[in-house]
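Chain residues, written in single-letter form:
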Amino acid sequence: MGRNTTPARFSIDLHSGVPVYRQLIDQVRGGIASGSLTTGDQLPTVRQLAVDLEINPNTVMRAYRELELGGLLETHQGTGTFIADKKVEKNSAERDRQLGQMAGEFAARAGAAGFSLEDLIDRLRDLLPDKSPGKLPKRR
């Protein structure tokens, strides 16, 4: 069933101040957004990921459960946990609210680490796949 034969890579930073389960959720969502995780890709088992990251299996289970409730993962008893086929659709107001919350949280984390908003914006621009003149040029 899983298309991706390369196992998903996860890492955690115990000193970031972000709960470990939230870091796992963010990495799965980021993988889906970037295309490195696609429909049908199998994730490591709860036990395997807990061993690999040296964390409590309940932490992994919490992250997987939240992602499953959000419609991003599907768990099939006996076969594993996979990236879900369905795309979660949100209305415009919910998307705006969620993006505003993420941007505010990320700006706060960057500021706490000593980065300016301009540093953050420049780094985000570096992530754009198409750096043609019509797409958010860098400010220098």
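The structure presented is a predicted model; accordingly, all values stated were derived computationally and were not measured.

**Some remarks on the packing of aromatic side chains**
Then, number 1: Using the criterion set out here, one finds zero aromatic pairs in the structure.
Then, number 2: Between Arg62 and the ring centre of Tyr21, over which it is positioned, the NZ or CZ distance is 3.7 Å.

**Some details on helix H4 (residues 92-112)**
Then, number 1: Helix length check: H4 (21 residues) gives 30 Å between terminal C-alpha atoms against 30 Å at 1.5 Å per residue, within 8%.
Then, number 2: Just downstream of H4 lies Gly114, where phi reads positive at about 90 degrees.

**Let's talk about the environment of Gly31**
Then, number 1: As for its placement among the helices and strands, Gly31 is situated in helix H1 (residues 20-34).
Then, number 2: With residues near it in sequence (within four places) discarded, Gly31 still touches Ser36 and Leu37.

**Quick word on the sheet that holds strand S1 (residues 42-43)**
Paired through their backbone hydrogen bonds, the strands of a sheet run either parallel or antiparallel.
Then, number 1: Strands sit in the order S1-S3-S2 across an open sheet of three strands; the sheet is antiparallel. A strand with exactly one partner marks an edge of an open sheet, and here the two such strands are S1 and strand S2 (73-76).
Then, number 2: Where S1 meets strand S3 (residues 80-83), two bridges bridge the pair, whose relative direction is antiparallel. Bridge pairing links Gln42 to Phe82 in S3.
Then, number 3: Packed onto the sheet, helix H3 (residues 57-69) meets S1, S2 and S3 and runs at close to 110 degrees relative to S2.

Scoring rules and cut-offs
- Residues numbered from 1 in each chain as written.
- Predicted model: local features only at pLDDT ≥ 70, side-chain atom pairs only at ≥ 80, totals over all residues.
- Heavy atoms only, no water.
- Phe/Tyr/Trp six-rings, centres within 6.5 Å; stacked < 30°, edge-to-face > 60°.
- Lys NZ or Arg CZ within 6 Å of the ring centre and 35° of its normal.
- Helix = DSSP H or I, 4+ residues; strand = E, 2+ residues; numbered from the N terminus.
- Expected span 1.5 Å × (residues − 1).
- Contact = heavy atoms within 4.5 Å.
- Pairing = 2+ DSSP bridges.
- Axes fitted to C-alpha atoms, helices over the stretch in contact; angles between N-to-C directions.

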